[in-house]
Structures are given as C-alpha cells and as structure tokens.
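Here is how the chains run, residue by residue.
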Amino acid sequence: MTGEAAFQKLLSLPGGSFQLQHFEPPAKHTIEGQWEFLLMEAARMRDEIAGATPAAEPVAAPRRGRSPRASGGFTFRAGG
C-alpha cells in the first residue's frame, strides 16, 4: 500500500506513536495532496466510521443594515 491510501490507513489506527528519524527523500513521490487536506479527510473518515453527527455547515449571521457576506460574519449550526 502506498500514497494517500497508506497515509489514511496509518491515521485510522486506534493507537500508536511516531518516532522522529533523519529525513531521507523517498525513492518515489506518491502523495500529491496538501497535508492539511489529508489530515482533515482522515478526521472526517474517522468520524463517519464512528457514526458521528454530520459536520456543521456555515450559516450567515444576520447583521443590521449589512449583508452577512459583506460583513464576514458567520455562525455555525450542527445538524441538517
């Protein structure tokens, strides 16, 4: 197993530890995605497996005299 599938498998393990080692460039580059996306995707997959509630969706917070989009104000609401 290589690439993103191997990364996701490692992060799905229920326990373990990491040890720092001297960096050696890999023989072949097999992961193309951004590390932040990969971590968030691993968290999402773990939540789905655990039967977690749906992710919160951004909902614009009403502001007097200004549109929520223009003011940048948002709140989050869980559920569907």
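Values in this document were obtained by computation on a predicted structure and should not be read as measured data.

Thresholds applied
- Along every chain, residues carry numbers that run from 1 in the direction the sequence is written.
- A pLDDT threshold of at least 70 governs which residues receive local features in this predicted model, and a stricter bar of 80 or more applies before side-chain atom pairs are shown or counted, although totals over entire chains, interfaces and linings include all residues.
- Heavy atoms from the whole structure form the basis of all side-chain values; hydrogens and water molecules are not counted.
- For helices the rule is a DSSP run of H or I covering at least 4 residues; for strands it is a run of E covering at least 2, with both sets numbered from the N terminus onward.
- Relative accessibility under 20% of the residue-type maximum defines a buried residue, over 50% an exposed one, and the middle range a partly exposed one, all with a 1.4 Å probe and only protein chains included.
- Methods summary: accessible areas were calculated by the Shrake-Rupley approach with a probe of 1.4 Å, and residue burial reflects only the protein chains presented.
- pLDDT gives the predictor's per-residue confidence on a scale running from 0 to 100.
- Contact criterion: two residues are considered in contact whenever any of their non-hydrogen atoms come within 4.5 Å of each other.
- Each cavity reported here is a set of points on a 1 Å grid over the protein atoms alone in which a 1.4 Å probe fits but cannot get out, each pocket an open set with protein on both sides within 12 Å along at least five of seven lines, and each lining residue one with an atom within 4 Å of a point.
- Grid points are joined across faces, edges and corners, and a volume is the space filled by probe spheres set on the points.
- A carboxyl oxygen of Asp or Glu within 4 Å of a side-chain nitrogen of Lys or Arg is what we treat as a salt bridge.

This brings us to the overall build of the protein chain. When helices and strands are tallied, the protein chain shows 3 helices and 2 strands. For the protein chain, the N- to C-terminal ordering of α and β elements is α-α-β-α-β. Relative to its full complement of 80 residues, the protein chain shows a buried share of 8%. Summed over its atoms, the accessible surface of the protein chain is roughly 7,400 Å², and 59% of this surface lies on carbon and sulfur atoms.

Further remarks concern the confidence of the model for the protein chain. Overall, the prediction assigns the protein chain a mean pLDDT of 75, with 64% of residues at 70 or greater. The low-confidence segment residues 66–76, where pLDDT is below 50, has 19 contacts with residues more than four positions distant or belonging to other chains.

Turning to the layout of surface pockets, a few remarks are in order. Approximately 510 Å³ is the volume found for the largest pocket. If you go around the largest pocket, you meet 15 residues; those closest to its centre are Phe7, Leu10, Phe23, Pro26 and Ile31.

With that settled, the discussion passes to the pattern of salt bridges. Taken as a whole and judged by the stated rule, the model has 2 salt bridges. Salt-bridge contacts for Arg44 lead to Glu41; the nearest nitrogen and oxygen are separated by 2.4 Å. Within this pair, Arg44 and its partner Glu41 are both found in helix α2 (residues 35–50), separated by 3 residues, close to a single helical turn. Two residues, Arg44 and Glu48, come together in a salt bridge whose shortest N-O distance is 2.4 Å. Within this pair, Arg44 and its partner Glu48 are both found in helix α2, separated by 4 residues, close to a single helical turn. Overall, Glu48 belongs to the exposed group, its relative accessible area being 53%. One network of salt bridges, with partners in common, ties together Glu41, Arg44 and Glu48.

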